[in-house]
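# Structural characterization, general
Letter by letter, the chains look like this.
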Amino acid sequence: MSENSNPEPSNFIRNIINDDLKNNKNESRVHTRFPPEPNGYLHIGHAKSICLNFGVAQDYEGGVCNLRFDDTNPEKEDVEYTDSIQNDVKWLGFDWEDRLFYASDYYEKLFEFAKQLIRDDKAYVCHLNTDETREYRGTLTEPGKPSPYRDRSVEENLDLFGRMRAAEFDEGECLLRAKIDMASPNMNMRDPAIYRIRKVAHHRTGNDWCIYPMYDYTHCVSDALEGITHSLCTLEFEDHRPLYDWFLDQLPVPCHPQQIEFARLNLNYTVTSKRKLNELVTDGHVSGWDDPRMPTIVGMRRRGYTPESIRDFCGRIGVTKTDTVIDVGVLENCVREDLDKRTRRVLGVLDPLKVVIENYPEEETESLDAPYHPNNPDMGQRQLPFSKVIYIEQSDFMEDPPKKFYRLGPGREVRLRYAYFITCNEVIKDDAGNVVELRCSYDPETKGGNAPDGRKVKGTIHWVSVEHALQTEVRLYDRLFNDPKPDSNKHEQDWKEFLNSDSIKLIKAAYLEPSLAEAQKEDIFQFERTGYFCVDNKDSLDGKPVFNRTVTLRDSWAKRK
RNA sequence: UGGGGUAUGGCCAAGUUGGUUAAGGCACAUGGUUUUGAUCCAUGCAUUCCGAGGUUCGAGUCCUCGUACCCCAGCCA
């Protein structure tokens, strides 16, 4: 591939790496890692980090990226999540090859390193309880004060730490702490915890351990043990960097990776905090983590978003240290762009209005050629059955149309896509005055959609033969929230009050062209003039696909109204 | 003056060591093509880079002083 066809994005992290390479730092290696805690499902925010970490590695000669589970808090973690996370990363199109690691792989080494810290008088066992620890820590503006246990001897600390591991203490009874600086203006340096006691089973190590290492201690050491060169994380860890470096400076680790922080992704009309996503699920506002309205990877997948579109999105938004809120429209646009070129066009009527073509023979059915893609003949074509009674979209008829309305109205002529010109002769209403049926006539000369006399029609509408239609369920999804910033802390209201009550519209019986009976799970189509739809990967049955609307088409007509 | 960060058009974002007309995408607007009011194509869209001073022949890029916003007081990550 030529390099100009898809130039690498320029961002501050790549600039740092370029400099490092120029200076022969890290033996000119580039080694990153994606380090999720397996305590939930991955979402679009994680996708940014995944694309960054794997993407950077991919783009440099010999660069690699590890998948590492930061599993140091057994109470919240589970194999359900390690499984789903691996699936999601793979689905996004990335490959960690044989480099799947767990922080829990390093428990024994971490324990030995901790003893080293004690021997060097850089760590001590502290018996302050939680409240006391908080008091001793001081506040943002006042320094903390040293724990009364801070000056225990190396021997005593070694003995105590061994007994912590041997389960001789209860949860919360004591901690192993780093001995740094209780007066540091950086709270993270005020003798942070290294190990705490948790008498719970770990999803991988079972009951082997009753003490678990903290993130700050574990992460930097894990990075170093794996030979990571650039440890990319989000902005809130900026204050932790001195501690990251402190641990590595004390310990005989093989290398000292550089932590670099970037801004996490925020999307408007969306929430991405794990807590809130979880609340949506447990409170039943959505059907699960994979509800098509969820910003989770599984949700977006079920919605019909493609890995390509998500990767494209992550590339377009850039990587900076600026706190920003990206317009979801950018994501939707990436989806449309990808789907436009890859999906087959089909006809489907979601809100049917019956049309009887009076001059069309009663029993006749004809088969019409219909290409799958207007700009790409390679995608082939299928046959469309046409007959006397068809459905068109309710919104494609107006009894009293405004100017600029190109569609059907009394006495008007339109083209049925790939079929004939029809003219509306009569409007039939029910007792309540609702339009229930149109009586039309067709021009046999216009088969295929062109008039031999050269006359033009302004509008082309989609349709489906009633007799041949596949009747199935279609779900129209929309944004989950009405407000651009549902979780802004400036709102007085609870974020859930901004839930969009119309985020799902269920159509029990939509009428689709019969070829769709063969659609397979996760196939995506464009229903002409209405949007992109994907076959639900859960509720679809053989021959009876259920469709989820991925995203609508752009609609400049709707905008005009 | 607790500490750490960030400020470039409606939303993102590029802008190496100061040097001509401040990339690009999204959005928006207008025109063209079109059997999807889709796609596609063309054009337009920051006398200005948070503000005020200053240095300089020349500053988004350097200096000074301000302002706004974000993060930090888990035995979570």
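Residues numbered from 1 in each chain as written. Chains lettered and ligands numbered in written order. Predicted model: local features only at pLDDT ≥ 70, side-chain atom pairs only at ≥ 80, totals over all residues. Heavy atoms only, no water.

## With respect to the overall build of chain A
Within chain A one finds 13 helices and 25 strands. Taking 24 Å as the expected radius of gyration for a compact globule of 561 residues, we find that chain A reaches 31 Å, considerably beyond that expectation. Relative to its full complement of 561 residues, chain A shows a buried share of 53%. Residue pairs in contact within chain A that sit at least 24 positions apart in sequence constitute 70% of those at least 6 positions apart. Per element, the accessible surface of chain A, about 25,900 Å² overall, is 44% carbon and sulfur. Each charge sign in chain A was given a centre, from 76 positive and 98 negative side chains, and these centres are 3 Å apart. (Helix = DSSP H or I, 4+ residues; strand = E, 2+ residues; numbered from the N terminus. Rg over C-alpha atoms; globule rule 2.2 N^0.38 Å. Buried < 20%, exposed > 50% of the residue type's maximum accessible area, 1.4 Å probe, protein only. Contact = heavy atoms within 4.5 Å. Areas by Shrake-Rupley, 256 points an atom, 1.4 Å probe, with all protein chains shown as cover. Lys, Arg positive; Asp, Glu negative; His and termini not counted. Charge placed at Lys NZ, Arg CZ, Asp CG, Glu CD.)

## Observations concerning the protein's contact with RNA strand B
Lining the immediate surroundings of RNA strand B are 67 residues, of which Arg 407, Arg 417, Gly 448, Arg 554 and Ser 556 lie closest. Residue Arg 137 places a side-chain N or O atom 2.9 Å away from a phosphate oxygen belonging to RNA strand B. Between Tyr 406 and RNA strand B, the recorded distance is 2.7 Å, taken from a side-chain N or O atom to a base nitrogen. Only α5 (130-137), β6 (193-197), α11 (307-317), α12 (328-342) and α13 (556-560) provide two or more residues apiece to the surface near RNA strand B. Across the surface near RNA strand B, the residue classes tally to 21 nonpolar, 22 polar and 24 charged. (Near = heavy atom within 4 Å. Polar contact = N/O pair within 3.5 Å; in protein donor to acceptor, adjacent residues only side chain to side chain. Nonpolar A, V, L, I, M, F, W, Y, C, P; charged D, E, K, R; others polar.)

## Brief notes about empty space enclosed by the protein
Across all of its chains, the model carries 1 cavity of 30 Å³ or more by this definition. Space inside the largest cavity adds up to approximately 40 Å³. Here the lining of the largest cavity takes 4 residues from helix α7 (residues 215-225), the largest share from any one element. Across the lining of the largest cavity, the residue classes tally to 4 nonpolar, 3 polar and 1 charged. (1 Å grid on protein atoms, 1.4 Å probe; cavity = no way out; pocket = protein on both sides within 12 Å on 5 of 7 lines; lining within 4 Å. Points joined across faces, edges and corners; volume = space filled by probe spheres on them.)

## Brief notes about unusual backbone geometry
For Asn 26, which is not glycine, the phi dihedral falls at a positive 55°. Along the chain, Asn 26 turns up in the loop between α1 (12-22) and β1 (31-34). Assessed through its relative accessible area of 16%, Asn 26 is described here as buried. Despite not being glycine, Arg 529 has its phi angle at roughly 70°, a positive value.

## Structural notes on the confidence of the model for chain A
When the pLDDT values of chain A are averaged, the result is 96; 99% of them are 70 or greater. Confidence drops under pLDDT 50 across residues 1-5; counting only partners more than four residues distant or on other chains, this segment forms 0 contacts. For this predicted complex, the interface score ipTM comes out at 0.96, alongside a pTM of 0.96. (pLDDT = per-residue confidence, 0-100.)

## Structural notes on the sheet that holds strand β4 (residues 123-126)
The sheet built from 4 strands is open, its strands ordered β4-β5-β6-β7 with antiparallel pairing. The sheet is open, and its two borders are formed by β4 and β7 (211-213), each paired with just one other strand. Recorded for the sheet is a direction-independent mean angle of 20° between the axes of neighbouring strands. Where strand β5 (residues 175-178) and β6 come together, 3 bridges link them in antiparallel fashion. Within the sheet, the bridge partner assigned to Leu 176 lies in β6 and is Tyr 195. (Pairing = 2+ DSSP bridges. Axes fitted to C-alpha atoms, helices over the stretch in contact; angles between N-to-C directions.)

## Structural notes on the packing of aromatic side chains
Overall, the coordinates contain 24 aromatic pairs when judged by the stated rule. Through a chain of ring-to-ring contacts, the aromatic side chains of Tyr 107, Phe 111, Phe 161, Tyr 195, Trp 209, Tyr 212, Tyr 217, Trp 246 and Phe 247 assemble into a single cluster. The ring of Trp 209 is capped by Arg 165, whose NZ or CZ atom sits 3.8 Å from the centre of that ring. The lysine or arginine in question, Arg 344, covers the ring of Tyr 372, its NZ or CZ lying 5.4 Å from the ring centre. (Phe/Tyr/Trp six-rings, centres within 6.5 Å; stacked < 30°, edge-to-face > 60°. Lys NZ or Arg CZ within 6 Å of the ring centre and 35° of its normal.)

## Notes on the sheet that holds strand β3 (residues 100-102)
Neighbouring strands of a sheet are bound in pairs by backbone hydrogen bonds; such pairs are parallel or else antiparallel. Pairing within the open sheet is parallel, and its 3 strands lie in the order β1-β2-β3. The open sheet has two edge strands with one neighbour each: β1 and β3. The average angle at which neighbouring strand axes cross in this sheet is 35°, direction not considered. Of the pairings in the sheet, the one linking β1 to strand β2 (residues 64-69) comprises 4 bridges and is parallel in character. Bridge assignment links Thr 32 to a residue of β2, and that residue is Cys 65. Helix-sheet contacts for helix α2 (residues 44-59) involve β1 and β2, and the interaxial angle to β1 is about 160°. On top of the sheet, helix α3 (residues 79-91) reaches β1, β2 and β3; it is set at about 160° to β2, its chief contact.

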